[in-house]
Structure formats: C-alpha cells, structure tokens
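# Architecture and fold: a report
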Amino acid sequence: MKYISTRGQSEPLNFEQVLMKGLADDKGLYMPENWPKFNEKEISEFSHLSYSDLAFELMKPYIGDSLSLGELGEIINKSYSSFSHEEITPLSQITKGEYLLELYHGPTLAFKDCAMQLLGHLFEHFLKKREKKITIICATSGDTGAAAVEAMKNKDLIDLVVLFPKDKISQVQQKQMTTSASDNIHCLAVEGTFDDCQAIVKNLLNDKQFKKKYNLSAVNSINWVRVMAQVVYYFYAGLKLGSPNKKINFSVPTGNFGDIFAGFVAYTMGLPVDVLCIATNSNDALERFLRHGEYLVENVKATISPSMDIQVASNLERLLYESSGRNSKMIREMMVDLGANKRFTLDQLTLNSIKDLFIAKSVDEESTKNTIESLWVKDGKLIDPHTAVGINAGRKSLSTDNNTVYLATAHPAKFPDAIINSIGVFPKLPPNISNIMSSKEVYSNLTNKNKSVREYFEREIIL
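These remarks concern the structure in this document.

Rules behind the numbers
Once a new chain begins, its residue numbering starts again from 1 and follows that chain's sequence as written. Thresholds applied to this predicted model are a pLDDT of at least 70 for local features of residues and 80 or more for the giving and counting of side-chain atom pairs; totals over whole chains, interfaces and linings are not thresholded and use all residues. The basis for every side-chain value is the complete set of non-hydrogen atoms in the structure, without hydrogens or water. A pair of strands is labelled paired if DSSP reports no fewer than 2 bridges between them. Each helix is a run of H or I in the DSSP string that is no shorter than four residues. Each strand is a run of E no shorter than two, and both are numbered from the N terminus. Axes, fitted as lines to C-alpha atoms, cover a helix only where it is in contact. Angles between the N-to-C directions of the axes lie from 0 to 180 degrees. Any angle that falls under 35 degrees is termed roughly parallel, while one over 145 is termed roughly antiparallel, one within 65 to 115 roughly perpendicular, and all others oblique. Crossings are assigned a handedness: left-handed for a near helix turned anticlockwise from the far helix by less than a right angle, right-handed for a clockwise turn. A contact between two residues is defined here by any heavy atoms of the two lying within 4.5 Å. Burial classes follow relative accessibility: with a 1.4 Å probe on protein chains only, a residue under 20% of its type's maximum area counts as buried, one over 50% as exposed, and anything between as partly exposed. In this analysis, the protein atoms alone were mapped onto a 1 Å grid. Cavities are point sets where a 1.4 Å probe fits without being able to get out; pockets are open sets with protein on both sides within 12 Å along at least five of seven lines; lining residues have an atom within 4 Å of a point. Grid points are joined across faces, edges and corners, and a volume is the space filled by probe spheres set on the points. Three classes are used: nonpolar for Ala, Val, Leu, Ile, Met, Phe, Trp, Tyr, Cys and Pro, charged for Asp, Glu, Lys and Arg, and polar for all others, with Gly counted as polar.

### Here's the deal with the sheet that holds strand β7 (residues 185–190)
- Here 5 strands make up an open sheet; going across it, the order is β8-β5-β6-β7-β15 and the pairing parallel. Edge positions in the sheet fall to β8 (216–218) and β15 (444–446), since each has one partner strand and no second. In this sheet, adjacent strand axes meet at a mean angle of 30° when their direction is disregarded.
- Pairing analysis gives 3 bridges linking strand β5 (residues 134–139) to β8, with the strands arranged parallel. Of the residues in β8, the one forming a bridge with Ile137 is Ala218.

### Structural notes on the packing of helix α6 (residues 143–152) against helix α7 (residues 171–178)
- Put simply, α6 and α7 touch, their axes get as near as 8 Å, and they point 25° apart. Relative to α7, the element α6 lies roughly parallel. In the packing of α6 onto α7, the handedness of the crossing is left-handed. Two secondary-structure elements touch here, α6 through Asp143, Gly145, Ala146 and Val149 and α7 through Gln173, Gln176 and Met177.

### Focus on helix α13 (residues 316–323)
- Most of α13 is tucked away: 8 of the 8 residues are buried.
- Restricting attention to buried positions, one finds in α13 the residues Leu316, Glu317, Arg318, Leu319, Leu320, Tyr321, Glu322 and Ser323.
- Just downstream of α13 lies Gly325, where phi reads positive at about 75°.

### A short note on empty space enclosed by the protein
- According to the stated counting rule, one finds 2 cavities of 30 Å³ or more in the structure shown.
- Considering only enclosed or pocket space, the largest cavity measures out at about 260 Å³ in volume.
- Around the largest cavity, the lining is made up of 25 residues, and of these Phe111, Lys112, Gly255, Asn256 and Ser307 lie nearest the centre.
- Within the residue set of the lining of the largest cavity, elements represented by two or more residues are α6, α10 (224–240) and α11 (258–269).
- Tallying contributions element by element places α11 first for the lining of the largest cavity, with 3 residues.
- The residue inventory of the lining of the largest cavity, partitioned by class, reads 8 nonpolar, 13 polar and 4 charged.
- Roughly 50 Å³ of volume is contained in the second largest cavity.
- Taken together, Thr254, Gly255, Asn283, Ala285, Leu286, Tyr295, Met308, Ile310, Gln311, Val312 and Ala313 make up the full set of residues lining the second largest cavity.

Structure (structure tokens):
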C-alpha cells in the first residue's frame, strides 16, 4: 500500500513514512493510493470478531510491509487494553431504531482515544526501530490534546507540544492536558481559536527547515492513521445491527471532519451506509457548504460544544479529493482560494456526488440543551453536548426507514457546565480521572503568532 497527497505534488510514501510525516510536503493530506474493498461475504465473516480482531482485519490492508502481522496484532491489543469496557465501543439502544455508539470508554473519555492510543504505540514501535527521537505537534479544541497527552506521556523518544485556545475549552479538558506531570509534554495556551492553533501547526509543518530540525510530525486528524483507526467503530456498529444485510444511518458531531470522513472510508470499503449526517453546532460552515456549494469561513462562535467550534474543517479536503475523481489540480486551486479569500466554490457535479451520501444540519444552543434534557428525562441517558448536537441533527434530518447510530463522542463529565445548565445535575468524573481537578497544572501562555511558538521550541525542546 502506497499513500499519495491530495495536492498531487509529493512522492508516494509507505505506511510508516505517512505516520511519521503527518502532512505532505505539498501541504496536502495523505490518502491510500487504492481503497481496500470487502464484499458481503467477507463482512459477514467479521460479525463474530472482537473489536481488536476486527481492527486487525480492517487495518491489515493499509499497513503493507511496514509491520509484520504479529507486530500489528500486538500493537492493536496494547492500544485497546486501556479501555474500561470489554467491547471498547459498545452500542446501546435509545428507542426503536436509534442507538448510541459509546466512544468514551478510553482513558480520556472521548472518541479520540480510539485512534490516539494506537498512534502512541505505533510511534513508539517505529522510533525504537529507527533509534530516533521525534517532536509531535498538535492543535486541539479539547479532546485531541487530552488523548494525545495520555498516549504520548512518559515516552522517552517523543516530545509532544499541544496548542489549545486559551479559555475556550472545558476545565476538565484543560486539566487532562496540563496535569500529566510528564517532562515530555508541553502544553501551550494560545490567544485565539482552534482555527488559529491549527494554522500555526500547519505553518510549522510546512516549514521544511523547521520540520527537519525538530523531526516534526502531527497527531491531528491530518495524520492519515487517525482516520484509519476510526473506521473500525463504524464497522463494529454496523455488524452489531445486521450488516451487511441492512443499511445504516450515522449522525456524527462534526468539527474538523476527520470522524465523519472515517465513516465515508468505511462506506467506500464496503459497509452498507445509507446516509452520513454532518451534525454541526452554530459554527455551520459545513451545512452552508453542502447547501450552496460555497465554503465560507466566518468568525468562530463560542458554544457549549467547544470541540466543534471550528470554521476550517481540514479533512474536508480528503472528501473533495475523492469526490472530484482525485482531481489534485482542483484541490490546489480551492485551497489557495481558501487561504487567500477564506472561501472557495465547488462545481455542481462534485457537490451532487457528495450529496448522494451526506446531509448536513446545524443545531443551536437551545436545541442542544433541550436534547440533553430530553434524553435524561425520557430515556435516563446522560449525554454530552456534542452528542446532543448529533442526536438533534439526526432526528431532524434522517429517515426512520433504517437504524440510526448516533456517535456519542465524549463522556458528559468532560462538560459539567453544559450539563448543569441543561438539567441541573453535576456529572461525576469517573474514578480514573477524579483527582485531576485538584492536580497542579503546567502550561505556558502564548500570543497567537508563529513566532511565539517557534521561540518556545528554541527554549524548551531539547534536540
């Protein structure tokens, strides 16, 4: 298996190289040269597999000869041994035809763990083989950073630098990042938004000299391996609900588009998906885009679902590339427009191709709170605000002809203020992280400038 850039001007790489590189030299995102495909018989044979065994079968085609099958199996088993539920991502029923896919049983209580734990062990494996050290840089709207810290802490060959928007994530999310007490973890509170943090990360990754000096890589969903790992729970849910004989709808709380793009990959690999619902909060760039074909970046609005307070959805580039027949020239032109004018326009043919599978719905703050309250009162289920956005959008947009799976992306205890404001109940933190609120924080405050982050690297990162 080889990987190519969405912008068509970087050399093809193997799996190990793509993991380590993160972003392509031409500023594009890596994609598999060919998609592995599974037929109905093969998918049926997966139905008896555990989550780890299913992950092995689905990831195997993407690995090539970068790992032996024994190494892959061992890394997968280690990655999911830290989850608190034996099914890893269990499925629970809400009402007839409606299900929650619980993605919050990992060590940091969010769906990011499903990929980040794997990433941590993969990095460690290849770095030991190379006898090299790496610096990983990560922009986060909350959950990615916490998952990255948990996966990378106390690893001798890794320095992790996490940028998060100051005062724009929940206290629990911040504490999960800043209380690790690990010397290889560097947390930076940046004045600005997640989009600002992400822009800094991309700028540093695109500086070839800087990237080489610090052996820089990324763990945001711009890294293909993040998307690959998230494909597994779509198949896992589908198999629980009768795949491949039944089609399924998925409603996905969406910010940077990586999680829902994994659903598209699952569909491309053979999972019978009917509709993928892009559920956004008031930051509705994706809904407007799907309606009109124009992607327009506006100012980020602060909401009670902060992990989705994003206007620039990086992984949309992967979908545009695939839906346009892998037209890298078109992608380059659109991304230039986005950088220069904060907008681009998509041709109607490609937009219609996307609409064949995707719908989009934005959800306002009051509706988010009402959904949290409704699930609690009527069904006895406590959900976080991001999951509430997914449920509200799905219920307004999706047909009841098929089973619908709502991705429950985080534990409600990560967003106590939103829960208290919605139902008047304080959600308790699980025992494994109950002590973080009283733990000492270590982080640095920085202005929203590439220069300030570069200066931090010069002061703090030991080569």
